[in-house]
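# Examining the three-dimensional arrangement
What follows is each chain in one-letter form.
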Amino acid sequence: MSAFRTLLLCGLAIAALYGMRNSTPGYGDITAPIAIRGAVGERVETRDFAFGAANVHLARQLKVESFGRVKDFSTSGIWLVIEGAAVSKTETMTLMSAEWLASNGVRYALSQRFSTVPGYLPTERLEPGLPRPVLLAFELPEAAVDQGTLLVARSRVSPLAEELSIALGDKKPAEIKPSVTIARSGSRAPWTLAAH
Amino acid sequence: MSEKRTFWTCLLALIVALPLAFVARAWESLGESQWLAGGSPEVVVADEAAQAFAGGQWKLMDMRRLPRTDDARVILTEFEASPTDLAALSKGACRVRLIDDKGRRFEPVTLTEPIVREMYPEVAERPRCSVLAFTDAKAGSPVRMAESFIVPAEARDLSLRIEFPGASDETLVFKWTRS
């Protein structure tokens, strides 16, 4: 009887250890960013900065007009262009991380092809209390747009930092434009956006 | 010792040992955390008073508020340092920030603002606060520097914070009371 009890206790201990081993979150999970949820059209705030996604555009091709020259950016997927505004609340900063999280869990980084576009998020220096219009562009497969989420953070490598999680929801544009042109502008927003 | 007593002694030892193990493991990280470290000590100076700091006598000469847009202003700060210990100054890395009454921290702009170039061209030519500013410096002869910041129009009670890690553990804070 005593041997049976010992064996049972050992079995229970092994089962408990196995359960703990499988349910313990990894280092990446326990240091993952803290999500602050919001939606397109809302101002979403962290302790350090606020961001609002205002307009969402979908296009098969992007054209960037700069100093009289037009550069075409084609893609085998589609372009997701987001116009918004960002403001720092505590200190001078640049928002270096923006990703599109598709509904199947795949993450798409902000396109690196537009470093010279005025107002492009990672090139905009944000001073506390001075909102800046910002532009984001993602190159995605068409299926990745539906039910996707925009993730914005100060940096990709800050453990336990806050990260905005802005759901596209029902704000997905009804149609995909054949082409969208981004041009420099001297007005309050440093760009104009025209769909064709 | 009875079995019961051993059990309770071991349980108590565990209660003490577990938090101790946690503290020992996390000691370095806890030391680095901001709320325990408490930040570097500050030396607060008003207006144009000179203050010994990081191998020099530092003085805030002027802080001008210049127009930029409806909701933003350019703050042009001029300050000088008379080296007393050139070796210390050449070891450190200067970091300058502007703080307002709400505690917001502004970094200096990288490119000189057009309004500064237009209104104060001689100030626009001054070096920024860095080791390079002291390359040809001589002990006792002041090195004049300038930094510009962009702040919201409503920003008030500005103070200039100068840090020189490597040369000093302190932070020099110039409070500007004139406007």
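Residues numbered from 1 in each chain as written. Chains lettered and ligands numbered in written order. Predicted model: local features only at pLDDT ≥ 70, side-chain atom pairs only at ≥ 80, totals over all residues.

## Looking at the overall build of chain B
Let me state the cut-off plainly: Segments assigned H or I by DSSP are reported as helices when at least four residues long, segments assigned E as strands when at least two residues long, and all are numbered from the N terminus. Our radius of gyration looks at C-alpha atoms and nothing else; its globule reference is 2.2 Å times the residue count to the power 0.38. In this scheme every C-beta is placed from the backbone, and a residue whose C-beta has 20 or more other C-beta atoms within 10 Å is buried, one with 12 or fewer is exposed, and one in between is partly exposed. Here, residue contact means that the backbone-derived C-beta atoms of the two residues sit within 7 Å.
Scanning chain B from terminus to terminus reveals five helices and nine strands. Going from the N terminus to the C terminus, chain B shows its helices and strands as α-α-β-β-β-β-α-β-β-α-α-β-β-β. Against the compact-globule benchmark of 16 Å for 179 residues, chain B has a radius of gyration of 24 Å, which places it well outside the compact range. Dimensions of chain B, computed from the C-alpha atoms along their principal axes, are close to 90 × 45 × 25 Å. Taken over 179 residues, chain B has a buried fraction of 25%. Once local pairs closer than 6 in sequence are excluded, the contacts in chain B between residues at least 24 apart make up 69%.

## Re the overall build of chain A
If you tally the helices and strands in chain A, you get two helices and eleven strands. Along its sequence from the N terminus, chain A presents helices and strands in the succession α-α-β-β-β-β-β-β-β-β-β-β-β. Over its C-alpha atoms chain A spans a radius of gyration of 22 Å, topping by over 25% the 16 Å that the globule rule assigns to 196 residues. The principal-axis extents of the C-alpha atoms in chain A amount to approximately 90 × 40 × 25 Å. Across chain A, contacts joining residues at least 24 apart in sequence account for 69% of those joining residues at least 6 apart.

## Structural notes on unusual backbone geometry
Residue and element names in this part refer to chain A. In the Ramachandran plot, leucine 160 falls in the positive-phi region, its phi being about 60° despite a non-glycine side chain. Here leucine 160 lies in the loop between β8 (149-153) and β9 (162-167). Owing to 9 C-beta atoms within 10 Å, leucine 160 belongs among the exposed residues under this scheme.

## What about the environment of Ala124(B)?
All names here are of chain B. As for its position among the elements, alanine 124 is in helix α5 (residues 121-124). Accessibility expressed as a C-beta count within 10 Å gives 17 for alanine 124, which makes it partly exposed. In this structure the C-alpha to C-alpha distance between alanine 124 and phenylalanine 22, which are 102 residues apart in sequence, comes to 53 Å. In this view, alanine 124 contacts Thr112, Val116 and Arg117; residues no more than four positions away in its chain are not counted.

## Considerations on the sheet that holds strand β5 (residues 97-101) of chain A
All names here are of chain A. As a reminder, the rule being used: Think of it this way: DSSP has to see at least two bridges between two strands before they count as a pair. Fitted lines through C-alpha atoms give the axes, limited to the stretch in contact for helices. The angle between two N-to-C directions lies from 0 to 180 degrees.
Within the open sheet, the five strands sit side by side as β1-β9-β8-β5-β6. Their pairing is mixed. Each edge of the open sheet is held by one strand with a lone partner, namely β1 (34-39) and β6 (107-109). Strand-to-strand, the axes of this sheet are offset by a mean angle of 25°, without reference to chain direction. Two elements, β5 and β6, share three bridges in a ladder whose sense is antiparallel. Bridge pairing in β6 links tryptophan 100 to tyrosine 108.

## Structural notes on the interface of chain B and chain A
To keep things clear, this is the line we draw: Each residue gets one label: Ala, Val, Leu, Ile, Met, Phe, Trp, Tyr, Cys and Pro are nonpolar, Asp, Glu, Lys and Arg are charged, and the others, such as Gly, are polar.
Chain B puts nine residues into the contact, and the matching count from chain A is seven residues. Elements with a contribution of two residues or more to the side of chain B that touches chain A: β6 (105-106) and β7 (143-152) of chain B. For the side of chain B that touches chain A, the element with the most residues is β7(B), which contributes three residues. For the side of chain B that touches chain A, the residue count by class is five nonpolar, no polar and four charged.

## Some words on the pairing of strand β11 (residues 191-195) of chain A
Two strands pair when backbone bridges link them, and strand β10 (residues 177-184) of chain A and β11(A) are joined in this way by five bridges, in the antiparallel orientation. Residue pairing for β11(A): Arg184(A) is matched across the bridge by Trp191(A).

## Quick notes on the confidence of the model for chain B
A low pLDDT means the predicted coordinates there should not be read in detail. Residues and elements named next belong to chain B. Put simply, the rule reads: The predictor attaches a confidence to each residue, and that confidence, scored 0 to 100, is pLDDT.
The predicted model of chain B has a mean per-residue pLDDT of 89, with 95% of residues at 70 or higher. Mean pLDDT per element in chain B: helix α2 (residues 34-37) is the minimum at 62, and β6 is the maximum at 98. Our summary of model confidence lists the complex with pTM equal to 0.84 and ipTM equal to 0.84.

## A look at helix α1 (residues 2-23) of chain A
Keep this limit in mind: One fewer than the residue count of a helix, multiplied by 1.5 Å, yields its expected span.
Counted at 1.5 Å a residue, the expected span for α1(A) with its 22 residues is 32 Å, and the 31 Å between its end C-alpha atoms agrees. Little of α1(A) sits out of view: just zero of its 22 residues are buried.

## Remarks on the sheet that holds strand β8 (residues 159-163) of chain B
Spatial strand order, β1-β9-β8-β5-β6 (chain B): five strands in an open sheet with mixed pairing. The sheet is open, and its two edges are formed by β1 (42-46) and β6 of chain B, each paired on a single side.

## Notes on the environment of Ser40(B)
Residues and elements named next belong to chain B. Note on placement: serine 40 falls in the loop between α2 and β1. Looking at serine 40, the number of C-beta atoms within 10 Å reads 12, which means it is exposed. With 132 residues separating them in the primary sequence, serine 40 and leucine 172 have C-alpha atoms 10.0 Å apart. What serine 40 contacts, discounting residues up to four positions off in sequence, is Asp169, Glu170 and Thr171.

## Quick look at helix α1 (residues 3-32) of chain B
Residues and elements named next belong to chain B. Here is the rule: Axes are fitted to the seven residues ending at a residue and to the seven starting at it; the angle between these axes is taken as the bend at that residue.
Over its 30 residues, α1 runs 44 Å from end to end, which matches the ideal 44 Å to within 8%, given 1.5 Å per residue. Of all the bends in α1, the greatest, near 65°, is centred on alanine 26. Here α1 lies mainly on the outside; zero of its 30 residues are buried.

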